[in-house]
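Here is how the chains run, residue by residue.
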Amino acid sequence: MNGILLVDKPAGWTSHDVVAKLRGILRERRIGHSGTLDPMATGLLVVFVGKATKAVEFAEADRKRYIAGLRLGLVTDTQDTTGAALAEREASVSGGQLEEALASFRGEISQVPPMYSAVKVGGERLYKIARRGGEVERKARAVTIYKLECLGRDAGGDVLLDVECSKGTYVRTLCSDIGEKLGCGACMSSLRRVAAGAFSVDEAHTIEQIAGLAESGEAAGALLPVEAMFAQRDEFVLDARRERDCRCGRPFDADIPDGEYRVKSPAGEFLMLARAEGGHVSSIKNFF
């Protein structure tokens, strides 16, 4: 069984929990995922099965889109509502004040990774240091916020944000920084990933649905081909000679513009992601 499985992760599960469960359901050891979601988060987890695990590295760089809850006035040690409260304040923020704050976080920004994260400092995960009550200096890093809009408020009164961001962005840190900008403090109260790269949570399956499909022998039908990861690249179909070169790992010549291509056999099999430069084509990653 090989392909990409879009999973709607439930709250309370780690991304590792999802992978472990799927290994049992699908009876396949080679399963990985891209874009880790915290246990409190729900939504799209892109899972790679079988030979498709070779594509995980390409998915990590994809843009992600989230719907996040912003709780104004509450500051916690984890920057979300799962943590211990450090401060609680009255928060009276107008729509204009909120928009002004959001505008300052659009585009490329500098973000300091939170202590409760898997980032390593001195060879140790930050969350392990934080759980011992420690704190260390972290280097700020550049991330990009492509979209940051207010969608209104949820039933509990928390602000709902539509966030589209680059790899490495911590949405809970973004929420905390917005609260600091407003002067009242804030933390993340909910998080749902709705898109990652070309994939949408609308196409995703719940764990229960996947288990049902596996029981009826239809799980393979839920898998997308690994080629779907590269749908935005142009397609290049080989002739018989170039296919032989490709399968033997040899670069070959082709009169095509420079760029990245989905390379396919004459029979339509997706063979590799390749780069063309100066009329020469070489493999970035083979999938045959």
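See above for the structure.
None of the values given here were measured: they were computed from a predicted structure.

Colleague: Describe in detail the overall build of the protein chain, supporting the description with residues and values.
Modeller: If you tally the helices and strands in the protein chain, you get 7 helices and 18 strands. Overall size of the protein chain, expressed as C-alpha extent along the three principal axes, is 70 × 50 × 40 Å. Residues counted as buried form 44% of the 288 residues belonging to the protein chain. Restricting to contacts in the protein chain with at least 6 residues of sequence separation, those with at least 24 account for 64%. Entry remark: accessible area of the protein chain is about 14400 Å², with carbon and sulfur atoms responsible for 46%. Charged side chains of the protein chain number 39 positive and 41 negative; the gap between the two group centres comes to 6 Å.

Colleague: Before we move on, can you summarise the layout of surface pockets with the specific residues and values?
Modeller: Rolled over the atoms, a probe sized like a water molecule indicates the empty space that remains. Volume-wise, the largest pocket comes out at about 1100 Å³. Looking at the largest pocket, it is lined by 33 residues, and the ones nearest its centre are Thr 36, Leu 37, Asp 38, Tyr 170 and Arg 172. When residues of the lining of the largest pocket are traced back to their parent elements, those giving at least two are helix H1 (15-26), strand S4 (64-72), helix H4 (126-131), helix H5 (171-182) and strand S12 (186-196). The dominant element in the lining of the largest pocket, judged by the number of residues it contributes, is S12, at 3 residues. Of the residues in the lining of the largest pocket, the class split is 12 nonpolar, 12 polar and 9 charged.

Colleague: Report on the packing of aromatic side chains, specifying residues and quantitative values.
Modeller: Under the counting rule described, the total for this entry stands at 5 aromatic pairs. Aromatic pair Phe 236 and Tyr 261: ring centres 6.4 Å apart, planes at 70°, arrangement edge-to-face. Here Phe 236 is found in strand S14 (residues 234-237), whereas its partner Tyr 261 is found in strand S16 (residues 259-264), with 25 residues between them in sequence. The same class applies to Phe 236 and to Tyr 261, which are both buried. Judged by centre distance (5.4 Å) and plane angle (20°), the ring pair of Phe 270 and Phe 287 falls under stacked. Of this pair, Phe 270 sits in strand S17 (residues 270-277) while Phe 287 is found in the segment after strand S18 (280-286), placing the two residues 17 residues apart along the sequence. Accessibility expressed as a relative area gives 9% for Phe 287, which makes it buried. Through successive ring pairs, a cluster of aromatic residues spans Phe 58, Phe 230, Phe 270 and Phe 287. Here the basic side chain of Arg 247 rests over the ring of Phe 288, its NZ or CZ set 5.6 Å away from the ring centre.

Colleague: Got a sec to walk through the pairing of S4? Specific residues and values, please.
Modeller: Relative to strand S11 (residues 159-165), S4 runs antiparallel, the two being bridged by 7 bridges. Its bridge partner lying in S11, Ile 67 is registered against Asp 162. As judged from the 9 bridges shared by S4 and S12, these two strands associate in the antiparallel manner. Paired with Gly 69 across the bridge in S12 is Ser 190.

Colleague: Run through unusual backbone geometry, naming residues and quoting values.
Modeller: Even without a glycine there, the phi angle at Arg 27 is positive, about 55°. Within the secondary structure, Arg 27 is located in the loop between H1 and strand S2 (31-34). A relative accessible area of 78% means that Arg 27 is categorised as exposed. Positive phi, close to 70°, is recorded for Gln 79, a residue that is not glycine. Accessibility expressed as a relative area gives 17% for Gln 79, which makes it buried.

Colleague: Quick rundown of the sheet that holds S16? Include the residues and the values.
Modeller: What the 5 strands build is an open sheet, ordered S14-S16-S17-S18-S15; its pairing is mixed. Sheet topology places S14 and strand S15 (252-253) at the edges, where each strand pairs with a single neighbour. Across 6 bridges, S16 lies against S17 in antiparallel orientation. Looking at the pairing, Lys 264 lines up with Phe 270 of S17.

Colleague: Got a sec to walk through the packing of H1 against helix H6 (residues 207-215)? Specific residues and values, please.
Modeller: H6 packs onto H1 with a crossing angle of 15° between their chain directions and a minimal axis gap of 10 Å. Taken together, the axes of H1 and H6 are roughly parallel relative to one another. Classified by chirality, the crossing of H6 by H1 is right-handed. The segment H1 lies against H6, with Val 18, Lys 21, Leu 22, Ile 25 and Leu 26 engaging Ile 207, Ile 210, Ala 211 and Ala 214. In the contact of H1 with H6, the residues fall into 8 nonpolar, no polar and 1 charged.

Colleague: Lay out a positive patch on the surface in plain terms, naming residues and giving numbers.
Modeller: On the surface, Lys 120, Arg 125, Lys 128 and Arg 131 cluster together to form a positively charged patch. Among the secondary structure elements, Lys 128 is positioned in helix H4. Exposure remark for Lys 128: the relative accessible area of 42% places this residue in the partly exposed category.

About the criteria used
- Residues numbered from 1 in each chain as written.
- Predicted model: local features only at pLDDT ≥ 70, side-chain atom pairs only at ≥ 80, totals over all residues.
- Heavy atoms only, no water.
- Helix = DSSP H or I, 4+ residues; strand = E, 2+ residues; numbered from the N terminus.
- Buried < 20%, exposed > 50% of the residue type's maximum accessible area, 1.4 Å probe, protein only.
- Contact = heavy atoms within 4.5 Å.
- Areas by Shrake-Rupley, 256 points an atom, 1.4 Å probe, with all protein chains shown as cover.
- Lys, Arg positive; Asp, Glu negative; His and termini not counted.
- Charge placed at Lys NZ, Arg CZ, Asp CG, Glu CD.
- 1 Å grid on protein atoms, 1.4 Å probe; cavity = no way out; pocket = protein on both sides within 12 Å on 5 of 7 lines; lining within 4 Å.
- Points joined across faces, edges and corners; volume = space filled by probe spheres on them.
- Nonpolar A, V, L, I, M, F, W, Y, C, P; charged D, E, K, R; others polar.
- Phe/Tyr/Trp six-rings, centres within 6.5 Å; stacked < 30°, edge-to-face > 60°.
- Lys NZ or Arg CZ within 6 Å of the ring centre and 35° of its normal.
- Pairing = 2+ DSSP bridges.
- Axes fitted to C-alpha atoms, helices over the stretch in contact; angles between N-to-C directions.
- Parallel < 35°, antiparallel > 145°, perpendicular 65-115°, else oblique.
- Left-handed = near helix turned anticlockwise from the far one by under 90°.
- Patch = residues over 30% accessible without salt bridge, like charges linked within 9 Å, V, L, I, M, F, W, Y side chains within 5 Å.
- Salt bridge = Lys/Arg side-chain N within 4 Å of Asp/Glu carboxyl O.

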